[in-house]
Amino acid sequence: MSRINRYLIRAGLASIAATFSACARGQLSRAALLDPQPATLAAHAPRVFEVRFETSQGPVILTAHRDWAPRGADRFYYLVRNGFFDGQRFFRVDSGFIAQFGLNGDPAVIAAWKHRTLPDDSVRVSNTRGRLAYAMTGPNTRTTQIYI
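On a predicted model such as this, the values are computed, not experimentally measured, just so you know.

### Overview of the side chain of Arg75
Here is step 1: Its place among the elements puts Arg75 in helix α4 (residues 70-81).
Here is step 2: Of the side chains bearing the opposite charge, Asp74 lies closest to the buried Arg75, which forms no salt bridge; the N-O distance is 9.1 Å.
Here is step 3: Discounting chain neighbours no more than four positions away, the residues touching Arg75 are Leu41, Trp113, Arg116, Thr117, Leu118, Tyr134, Arg142 and Thr143.

Below, the structure written as structure tokens:
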């Protein structure tokens, strides 16, 4: 089992607080989460960036590669920079299978993102163990929920 999976499976419903380790983190911006503007949502993430999640079982560091999923990486970067995941929890953990997060505890914030779907990225790498992906209910339905 990969190091990331061991930490996430053990984390259970642990709180997560996202912080950047490889790039400057922007100010927490509730306004940016309540009313994300198309121009800021369209901003590109760095080519490769790391996000450190602090859990009750220790840190988990995820590396995002924009060239693997440009739209997904851009959305993830935006959400992290604006504090979307701060203080939130893994809400679905199935040992050996999945750890899922991405529902903000603020009803106004989650309502603002409910219909902000993200077009699918073309498949460039396999969704293998330890990889991050967006949950979806069909084509072009990704929003904020992420699983590993």
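### So, the confidence of the model for the protein chain
The predicted coordinates ought not to be read in detail in places where the model reports low pLDDT.
Here is step 1: Put simply, the protein chain has an average pLDDT of 81, and 81% of its residues get 70 or more.
Here is step 2: A low-confidence stretch, residues 1-28 (pLDDT under 50), is modelled with 93 contacts involving residues beyond four sequence positions or located in other chains.

### Comments concerning the packing of aromatic side chains
Here is step 1: Across all of its chains, the model carries 11 aromatic pairs by this definition.
Here is step 2: Ring centres of Phe53 and Phe85 lie 6.3 Å apart, and the angle between their planes is 70°; on these two criteria the pair is classed as edge-to-face. Here Phe85 lies in the loop between α4 and β4 (88-89) and Phe53 lies in strand β2 (residues 48-55), a separation of 32 residues in the sequence. With respect to class, Phe53 is no different from Phe85; both count as buried.
Here is step 3: Pairing Phe53 with Phe101 gives two aromatic rings, centres 5.3 Å apart and planes at 65°, and the pair type is edge-to-face. Pair noted here: Phe53 is in strand β2 and Phe101 is in strand β6 (residues 98-101), with a separation of 48 residues, a long-range link.
Here is step 4: On the basis of relative accessibility, which here comes to 1%, the residue Phe101 falls in the buried class.

### Topic: the nonpolar core
Here is step 1: Membership of the largest hydrophobic core comes to 27 residues, with the highest contact counts inside it found for Phe49, Phe53, Phe76, Phe84, Phe85, Phe101 and Trp113.
Here is step 2: Those elements giving two or more residues to this core turn out to be α2 (30-34), β2, β3 (58-65), α4, β6 and α5 (107-113).
Here is step 3: Broken down by element, the residue count for this core peaks at six residues, all from α4.

### A closer look at the sheet that holds strand β8 (residues 146-147)
Here is step 1: As summarised here, the arrangement of the four strands in space is β5-β6-β8-β7, forming an open sheet in which the pairing is antiparallel. Edge positions in the sheet fall to β5 (92-94) and β7 (133-134), since each of these pairs with one other strand and no more.
Here is step 2: In this structure, β6 lies alongside β8, joined through two bridges in antiparallel fashion. By the bridge assignment for β8, Phe101 is matched with Ile146.

### Thoughts on the layout of surface pockets
Here is step 1: In this structure, the largest pocket encloses a volume near 860 Å³.
Here is step 2: Lining the largest pocket are 32 residues, with Trp68, Ala69, Arg131, Leu132 and Ala133 sitting closest to its centre.
Here is step 3: Secondary-structure elements contributing two or more residues to the lining of the largest pocket are α1 (3-11), β3, α4, β7 and β8.
Here is step 4: Among the residues making up the lining of the largest pocket, the classes are represented as 19 nonpolar, seven polar and six charged.
Here is step 5: Size it by volume and the second largest pocket reaches roughly 180 Å³.
Here is step 6: Looking at the second largest pocket, the residues that line it are Leu41, Ala42, Arg66, Pro70, Arg71, Asp74, Arg75, Tyr78, Arg116, Thr117, Leu118 and Pro119.
Here is step 7: Ranked by residue count, the leading element in the lining of the second largest pocket is α4, at five residues.

What counts and what doesn't
- Residues numbered from 1 in each chain as written.
- Predicted model: local features only at pLDDT ≥ 70, side-chain atom pairs only at ≥ 80, totals over all residues.
- Heavy atoms only, no water.
- Helix = DSSP H or I, 4+ residues; strand = E, 2+ residues; numbered from the N terminus.
- Buried < 20%, exposed > 50% of the residue type's maximum accessible area, 1.4 Å probe, protein only.
- Lys, Arg positive; Asp, Glu negative; His and termini not counted.
- Salt bridge = Lys/Arg side-chain N within 4 Å of Asp/Glu carboxyl O.
- Contact = heavy atoms within 4.5 Å.
- pLDDT = per-residue confidence, 0-100.
- Phe/Tyr/Trp six-rings, centres within 6.5 Å; stacked < 30°, edge-to-face > 60°.
- Core = buried A, V, L, I, M, F, W, Y, C linked by side-chain atoms within 4.5 Å.
- Pairing = 2+ DSSP bridges.
- 1 Å grid on protein atoms, 1.4 Å probe; cavity = no way out; pocket = protein on both sides within 12 Å on 5 of 7 lines; lining within 4 Å.
- Points joined across faces, edges and corners; volume = space filled by probe spheres on them.
- Nonpolar A, V, L, I, M, F, W, Y, C, P; charged D, E, K, R; others polar.

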